[in-house]
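# Working through the structure, step by step
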Amino acid sequence: MSDFIANTEKDTKEMLEAIGAKTLEDLFSDIREHQKPKSFELVSGKSEFEVIDHIKKLAAKNATNLVCFLGAGYYDHLIPSVVDHLSSRSEFTTAYTPYQPECSQGTLQAIFEYQSSICRLTGLEIANASLYDGGTALYEAMMMARRITGRNRVLVDSAVSPIYRTIIYSYTKNLDIEFLEIPVVHGQTDRNSLRKNLNDQVACVILQNPNFFGAIDDHADIVEDIHRVKALAIESVYPLSLGLLKTPGEMGIDIATGEGQSLGLPLSFGGPYLGFMATKREFARKMPGRIVGQTTDAANRTGYVLTLQAREQHIRREKATSNICSNEALCALRALIYLTALGKNGLLEVARLNYEKAEFAKSLLSKIKGVTVKQSSPTFNEFTVLLPKDPAHVIARMIEKGFAAGFSLERYYKDMKNYMLIAVTEKRTKEEIVRYAESLESALWS
Amino acid sequence: MELIFNKSVSGRRCTQFPANDVPVLKEIPKKYLRKSPCNLPEVSEMDVVRHFTNLSKLNFSVDSNFYPLGSCTMKYNPKFTEDVARLEGFTKLHPLLPQLRLGGILAQGALEVLYEMDRILSEITGMDAFTLQPAAGAHGELAGVMLIAAYHRSLNQKRKYILVPDSAHGTNPASAAIVGYEIINIASNKNGTMDIEALKAHLNQDVAAIMMTCPNTLGLFESDIDTIAKLAHAQGALMYYDGANLNAILGKCRPGDLGFDVIHLNLHKTFATPHGGGGPGSGPVGVKKELIEFLPISRIEKRDDGTLYLDYKKPQSIGYISSFYGNFLVILKAYAYILLLGKEGLIRTSEHAVLNANYVLAKLKDIYEPAVEKTCMHECVFSASRQILKNVHALDIAKYLIDCGIHPPTIYFPLIVKEALMIEPTETESKETLDHFIHCMREANRLTQENPEVLKKAPQTMPISRLDETKAARDMNCASL
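As the structure is a computational prediction, the values presented were derived from the model and not from experiment.

## Some points on the overall build of chain B
The secondary structure content of chain B amounts to 14 helices and 13 strands. The C-alpha radius of gyration of chain B comes to 25 Å, within 12% of the 23 Å expected for a compact globule of 481 residues. Projected onto its principal axes, the C-alpha positions of chain B cover 75 × 60 × 45 Å. Considering chain B as a whole, with its 481 residues, one finds that 68% of them fall into the buried category. Considering only residue pairs separated by 6 or more positions, chain B has 69% of its internal contacts joining residues 24 or more positions apart. With the model as given, the accessible surface of chain B reaches about 15,800 Å², and the carbon-plus-sulfur share is 49%.

Structure representation (structure tokens):
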């Protein structure tokens, strides 16, 4: 058994002598007899070979051979090899939060470059070093808008991920915030309903693009309305889609957030993922999370430090902009390496592939008897179909045929019986898409 | 180093995607498109590899340097855990798979990891159940305080305050405030532990909970903890345990036995998962049975036939803390670590963490003022109060250690110690490493007396010296646009 402890018996004896204690137990004399564990029934240790063997067996119980058309905000994308190799360097993985800048310039410059990439992606001016995931990032944005406006009413587009909305509602149960959900018409935000509910009580409006149904929108007109009542516009975005789509910055959005999983993070059964946030410069001091800034040393050499720390919990305690401390730094590094490896043309290329493959899938699926592909708004790489049968059953049959077929929308939208969400990424080949369409037809009709 | 953006050359490529094998059917209407392509760098694969390899070399890390950063438990991160976290059986698993009809059966291995960790962590800490959803310690605190709020709400009680000792991590008051509580700080006594009289003065039926770290941030075990718990419970308040320092007490005592009702752990501290330069972490929250019904959904339950499934039907639940089941790969690494160490290994971990900290304390207390003159747990806290007489600050000592190839201890925390130096060696460091550190700390003191300029100018051996932090905050140059 190994426990990674270097002290030998001889070392231990010498150290105890230096301390003036007889036994290791003496060092725990502050723990009184009645405070000792009532139980500590754990199995004995094993070698790494046995542990790996055990965990490999667990891994084998998971089905990973399904061809993935399941998305709903979390996507099966290609990841270049360099992402894993470089982000696994232990100089990155085994460092802590870069509190001491002189010996943490690697992490600090990488975060600065990550922040820069997120700004370039979203068309905004300042980004933080990362948040936990897309859902909590959106919650933080909403809290930030409350701080900036001093208002307590929040309008939420009902096409924002129901997972994110559930997170926001869960986190705020003990607070005095009034939420109102804006309905969706023809797959896009209902402008009329939104305008009717916009007034000077509203702190922010929360939007998503592409929305949960995969539909693309241009929110510029909505943003104008929002700004007219001095509220803030928040948009959750799918970062990969920004290789093609109009940026939050171009629409005038005040705070953009999103799930960074699509930027080089494997699906990993839900985490670790990456929440990102970018905003306008004027709101920087209200932003949650770590921020890295560029500066110089006495010899005028450029370096990077954690900055605007007066917002943070370790300085401001209960008055901090957020309680966040550890974030998802290594995932942010992966996102940076991914974006760097793709570069300007690679990002455009992958975004196009996603769009084109999804359009091809739509064209095949719309030919299947009883299947309606919703075409009311353009989509990016995910779209909604209306099936003639309960999607839950269809999905179960498709599993037998080797596909993770999609997501039944009724799970979160009670009135969307028989609607299914289908994602097609750049990873899906023509052959897989054709086979998927054939299998779906046979799952429905034979 | 030059920014990656400045290395961009138009037309250069790294990643190439497969050529499109489907017909192009439609274009997205122009009004939905960005005006120009995202201005990411155009570099070759070699450029990418050199850039990030050279950046990594600018870091101190556990794998390259002694890293006694107090309160952060920078122990060795075993490599085999990285291998298990790369298994495709986990990395390729879509989190929504078990939420599909008949999908649960497709993720039994992953669900078993989570189910087992719930059970193991409960036994280690003496709690009744865990949620693994929180992504970090502070996220766990937030979840924990939400659970406390839900508990009091279920009793139709509106309690306003959460009590926090003045030695607490900043995340404690910040987490409680975000949930909507007002914070009352409780002073520490001269022994560095909670002042019971000060506590009694603020403890009443408006108090929702007391948040405590044990051992506390001075590295001291709160021997009166059961008295404090009794006082809290008598007023209907709950006891919250910040598990940042659990590495000191594995197998020696359990928060659950001491009267704590809600606790969070930091798997990236106690259970050896790498910190990643500031995450991802994992901050599971454990509760006593009275609070189980409030835990976030989903819960993983076992059927009679032994299969596992996700249960979302928990009407009293606080809801979602994260999108899915937590930072799964981090949890998996911690699971592998715990299986490897086993019962005896975990006990030895705490024993040697405490031994190493006390050894450092014993060897330095003649020249550095200990925050409290007594046996410590897994970390020791000094004040540079003697050095400051020569105008040498904790910061200067920290920067000098960088020149010795040692990552500095935590400085200026806990806030109740003037010029604090908080040293947590962890159990994985050898006596030779500690002796070298002790030597460097003694050198720092000798230089303080004889040639303080060396400390004031430190570090001198790094690519940059001390940076102008005021300028950074003023200029707010936080992105290359």
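## Here's the deal with the packing of aromatic side chains
Residues and elements named next belong to chain A. With the rule as written, the count across this model stands at 25 aromatic pairs over all chains. With a centroid separation of 6.2 Å and an interplanar angle of 35°, the aromatic rings of Phe212 and Tyr413 are classed as tilted. Pair noted here: Phe212 is in the loop between strand S7 (202–209) and helix H9 (220–228) and Tyr413 is in the loop between strand S16 (407–408) and strand S17 (419–423), with a separation of 201 residues, a long-range link. Overall, Phe212 belongs to the buried group, its relative accessible area being 4%.

## A short note on the sheet that holds strand S13 (residues 372–373) of chain A
Residue and element names in this part refer to chain A. If you walk across this open sheet you meet the 4 strands as S13-S14-S17-S16, and the pairing is antiparallel. Looking at which strands have only one partner, the edges of the open sheet turn out to be S13 and S16. As paired elements, S13 and strand S14 (residues 382–386) share 2 bridges and run antiparallel to each other. Residue pairing for S14: Val373 is matched across the bridge by Val385. Sitting on the sheet, helix H12 (residues 329–365) touches S13, S14 and S17, and the angle it makes with S14 is about 10°.

## Concerning helix H6 (residues 171–179) of chain B
Residues and elements named next belong to chain B. For H6, a buried count of 8 out of 9 residues is recorded, marking the element as mostly surrounded by other parts of the structure. Those residues of H6 that fall on the buried side of the exposure criterion are Thr171, Asn172, Pro173, Ala174, Ser175, Ala176, Ile178 and Val179. Directly beyond the C-terminal end of H6, a positive phi value near 115° is found at Gly180.

## Overview of the domain arrangement of chain B
All names here are of chain B. By the assigned domains, chain B splits into domain 1 (82–338) and domain 2 (349–457). Between the C-alpha centres of domain 1 and domain 2 there is a distance of 31 Å. Listed by partner, the interface residues are 22 residues for domain 1 and 20 residues for domain 2. Where Lys252 meets Glu351, a salt bridge forms, and the shortest distance between an N and an O atom there is 2.7 Å.

## Here we look at the interface of chain B and chain A
On the chain A side, the residues contacting the 214 residues of chain B number 197 residues. Of the roughly 17,800 Å² buried between chain B and chain A on both sides combined, carbon and sulfur atoms contribute 62%. Taken together, the connections running from chain B to chain A amount to 11 salt bridges. In this structure, A:Asp3 and B:Arg348 form a salt bridge, with 2.6 Å as the shortest nitrogen-oxygen distance. The class makeup of the residues in the side of chain B that touches chain A is 120 nonpolar, 52 polar and 42 charged.

## Brief notes about the sheet that holds strand S4 (residues 178–182) of chain A
Residues and elements named next belong to chain A. A sheet is described by the order of its strands in space; here 7 strands give the open sequence S2-S10-S9-S8-S7-S3-S4, paired in mixed fashion. Of all strands in the sheet, those bounded by a partner on one side alone are strand S2 (126–127) and S4. As defined by bridge partners, strand S8 (residues 232–237) adjoins strand S9 (residues 255–259) across 4 bridges and the pair is classed as parallel. Of the residues in S9, the one forming a bridge with Val237 is Gly258. Docked against the sheet, helix H7 (residues 162–171) engages strand S3 (153–157), S4, S7, S8 and S9, running at close to 165° with respect to S4.

## Quick word on the side chain of A:Thr93
By the element assignment, A:Thr93 lies in helix H4 (residues 90–93). By relative accessible area, which is 7% here, A:Thr93 ends up buried. The residues touching A:Thr93, leaving out its near neighbours within four places in the chain, are A:Ser87, A:Ser88, A:Leu330, B:Pro274, B:His275, B:Gly276 and B:Gly277.

## A short note on helix H14 (residues 430–445) of chain A
Residue and element names in this part refer to chain A. Taking 1.5 Å of rise per residue, 16 residues should cover 22 Å, and H14 covers 23 Å from first to last C-alpha, within 8% of that figure. Every buried residue of H14 is listed here: Glu432, Ile433, Tyr436, Ala437, Ser439, Leu440, Ala443 and Leu444. Here the buried face of H14 lies against strand S1 (67–68), H12, helix H13 (391–400), strand S15 (403–404) and S17.

## Quick look at the pairing of strand S12 (residues 302–306) of chain A
Residue and element names in this part refer to chain A. Here S12 lies mainly inside the structure; 4 of its 5 residues are buried. Pairing of strand S11 (residues 292–296) with S12, which is carried by 5 bridges, proceeds in the antiparallel orientation. Across the sheet, Val292 pairs through a bridge with Leu306, a residue of S12. Hairpin connection between S11 and S12: a loop of 5 residues separates the two successive antiparallel strands, and Asn300 in this loop has a positive phi of roughly 65°.

## A closer look at the nonpolar core
Grouped together as the largest cluster of nonpolar side chains are 242 residues, with contacts concentrated most on A:Ile206, B:Phe90, B:Ile210 and B:Phe271. Per-element tally for this core: the top contributor is helix H10 (residues 328–364) of chain B, with 20 residues. Every residue in contact with B:Phe271, bar those within four places of it in the chain, is listed here: B:Leu121, B:Ile124, B:Leu246, B:Leu250, B:Leu265, B:Asn266, B:Ala334, B:Tyr337, B:Ile338 and B:Leu346. Residues A:Leu86, A:Leu242, B:Cys38 and B:Leu40 belong to the second largest nonpolar core, which totals 65 residues.

## Things to note about the environment of A:Glu235
All names here are of chain A. In this structure, Glu235 sits in strand S8. Along the chain, Glu235 and Ala423 lie 188 residues apart, while their C-alpha atoms are 21 Å from each other. Discounting residues that sit within four places of it in the chain, Glu235 has contacts with Leu207, Gln208, Asn209, His219, Pro248, Met251, Ile253, Ile255, Ala256 and Thr257. Among the polar contacts made by the side chain of Glu235, one reaches the side chain of His219 at a distance of 2.5 Å.

## Some remarks on the domain arrangement of chain A
All names here are of chain A. With domains assigned, chain A is organised as domain 1 (67–77 + 350–445) and domain 2 (81–338). For domain 1 and domain 2, the distance between their C-alpha centres works out to 29 Å. Around 2,100 Å² of area is buried between domain 1 and domain 2 when both sides are counted, 68% of it from carbon and sulfur atoms. Across the domain 1-domain 2 interface, the total number found is 0 salt bridges. Where domain 1 packs against domain 2, one counts 10 residue pairs in polar contact (both at pLDDT 80 or more). Looking at the side of domain 1 that touches domain 2, the elements that each hand over two or more residues are H12 and S14.

## Considerations on the packing of helix H1 (residues 9–19) of chain A against H10(B)
Two elements in contact, H1(A) and H10(B), have axes whose closest approach is 9 Å; the angle formed by their N-to-C orientations is 45°. Classified by the angle between their axes, H1(A) and H10(B) sit oblique to one another. Along this stretch, H1(A) crosses H10(B), giving a crossing that reads as left-handed. Across the interface between the two elements, A:Thr12, A:Met15, A:Leu16, A:Ala18 and A:Ile19 of H1(A) pack against B:His352, B:Leu355, B:Asn356, B:Asn358, B:Tyr359, B:Ala362 and B:Lys363 of H10(B). Among the residues forming the contact of H1(A) with H10(B), the class breakdown is 7 nonpolar, 4 polar and 1 charged.

## What about unusual backbone geometry?
Cis peptide bonds are those with omega within 30 degrees of zero, and the linkage from A:Gly271 to A:Pro272 qualifies with 5°. Tracing the sequence through the fold places A:Pro272 in the loop between S9 and strand S10 (275–279). Each neighbour pair has its own omega, and for B:Ala458 with B:Pro459 the value is -5°, a cis peptide bond. Within the secondary structure, B:Pro459 sits in the loop between helix H13 (453–457) and helix H14 (469–475). For B:Ala272, which is not glycine, the phi dihedral falls at a positive 65°. In this structure, B:Ala272 sits in the loop between helix H9 (267–270) and strand S7 (285–287). The buried category is assigned to B:Ala272, whose relative accessible area is 2%.

Rules behind the numbers
Residues numbered from 1 in each chain as written. Chains lettered and ligands numbered in written order. Predicted model: local features only at pLDDT ≥ 70, side-chain atom pairs only at ≥ 80, totals over all residues. Heavy atoms only, no water. Helix = DSSP H or I, 4+ residues; strand = E, 2+ residues; numbered from the N terminus. Rg over C-alpha atoms; globule rule 2.2 N^0.38 Å. Buried < 20%, exposed > 50% of the residue type's maximum accessible area, 1.4 Å probe, protein only. Contact = heavy atoms within 4.5 Å. Areas by Shrake-Rupley, 256 points an atom, 1.4 Å probe, with all protein chains shown as cover. Phe/Tyr/Trp six-rings, centres within 6.5 Å; stacked < 30°, edge-to-face > 60°. Pairing = 2+ DSSP bridges. Axes fitted to C-alpha atoms, helices over the stretch in contact; angles between N-to-C directions. Domains from an automatic or database assignment. Salt bridge = Lys/Arg side-chain N within 4 Å of Asp/Glu carboxyl O. Buried area = accessible area lost by both parts, 1.4 Å probe. Nonpolar A, V, L, I, M, F, W, Y, C, P; charged D, E, K, R; others polar. Expected span 1.5 Å × (residues − 1). Core = buried A, V, L, I, M, F, W, Y, C linked by side-chain atoms within 4.5 Å. Polar contact = N/O pair within 3.5 Å; in protein donor to acceptor, adjacent residues only side chain to side chain. Parallel < 35°, antiparallel > 145°, perpendicular 65-115°, else oblique. Left-handed = near helix turned anticlockwise from the far one by under 90°.

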